[in-house]
Amino acid sequence: MSSWDAAYADLIEWVPELLWPTSVTTYSMMRTDPQLRSVIQAYSLPIRRAAWSVDPTGCRPEVAAFVADNLGLTVLGDDTTRPRRGPVRFAEANRLAMLHLVFGHLPLEKVYDTSDGETARLVRLAERMPQTIGAIKLDDHDDLVGIEQTPRLGGSMTMIPRSALVWFAHEREGGAWQGRSLLRDSYGAWLIKREMWRVNATSLRRNGMGVPVVQAPP
C-alpha cells in the first residue's frame, strides 16, 4: 500500500484536503485553533492525568514487576514500591499517543535492549509522527504490515514492521489504518471561520483609518 493508496482505503471520505496524507497537514493547522485545542485537551487531559499501573492478574509477580519497571509504573495493589525512572517515560509516551486524536493515528516504535542475552528491556517508545510516514503497508487482508518512514536528510525509506509498532488509531474502519481525526466533523466550520478571519482582518486594515476626503481648490 503506497502513500496515495492509503487515501483511497477510506472510501467514505470525499474532501481532498482530508484524504491521507494531505489530511496530516490540514489537521496540523486545525489543532492550533483555540476552540479546537480546548476540545482536544478536554479529551486527552483526563486520560493523561489518570493513575496508571500494571495489572498483575494472571501473571507471575516477577514478570509483572519487570514490565512495570520497564514502563516506569507501579504494580496495581503494591504500594510499597516506587516507579523506576528509566529511559521510558510513560507520561510522555501517553501524551504523544493522544496525538492520534488529532491526526487519526500515531505509531510508537518499541526499542529494546537485549545486551544481556537473556531479557528484552524496553528502553524507548519512539514516536513516529504522521508527517514522517511515507507509506502505510497492508497485506491482502487489509492488516497492517508496517510503515515506511521518510528520512530527514535524503537517503532511502526506512521500513518499520508492525511487530515493532504500537499503533494508535481513532475509529479505524477496515483498511483505513490512518483512522479518523476527532477534528474531522469540525472541518467545515473551521474552514469558514478561518476565511472570515482573513476577510475581516483585510476589511479592518482597509477601512479602519477612515476614508480620506479631498476638496479641489477653486
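Residues numbered from 1 in each chain as written. Predicted model: local features only at pLDDT ≥ 70, side-chain atom pairs only at ≥ 80, totals over all residues. Heavy atoms only, no water.

**Considering the packing of aromatic side chains**
Overall, the coordinates contain 3 aromatic pairs when judged by the stated rule. Summarising the aromatic geometry, the rings of Trp-52 and Phe-90 are spaced 5.5 Å apart at their centres and angled 55° between planes, so their arrangement reads as tilted. Of this pair, Trp-52 sits in the loop between α3 (34-48) and β1 (53-54) while Phe-90 sits in helix α5 (residues 90-97), and the two are 38 residues apart along the sequence. The class for Trp-52 is partly exposed, based on a relative accessible area of 40%. When its relative accessible area of 21% is taken as the criterion, Phe-90 is described as partly exposed. Taken together, a centroid distance of 6.4 Å and an interplanar angle of 80° make the contact between Trp-167 and Trp-177 edge-to-face. With Trp-167 in strand β8 (residues 165-169) and Trp-177 in the loop between β8 and α7 (187-207), this pair connects stretches of sequence that are 10 residues apart. One cation-aromatic arrangement involves Arg-172 over Trp-177; the distance from NZ or CZ to the ring centre is 4.0 Å. (Phe/Tyr/Trp six-rings, centres within 6.5 Å; stacked < 30°, edge-to-face > 60°. Helix = DSSP H or I, 4+ residues; strand = E, 2+ residues; numbered from the N terminus. Buried < 20%, exposed > 50% of the residue type's maximum accessible area, 1.4 Å probe, protein only. Lys NZ or Arg CZ within 6 Å of the ring centre and 35° of its normal.)

**Here we look at the confidence of the model for the chain**
Confidence in the prediction for the chain averages 88 pLDDT; 92% of positions are at 70 or higher. Note that pLDDT drops below 50 for residues 1-5; the model gives that stretch 15 contacts with residues more than four away or on any other chain. (pLDDT = per-residue confidence, 0-100. Contact = heavy atoms within 4.5 Å.)

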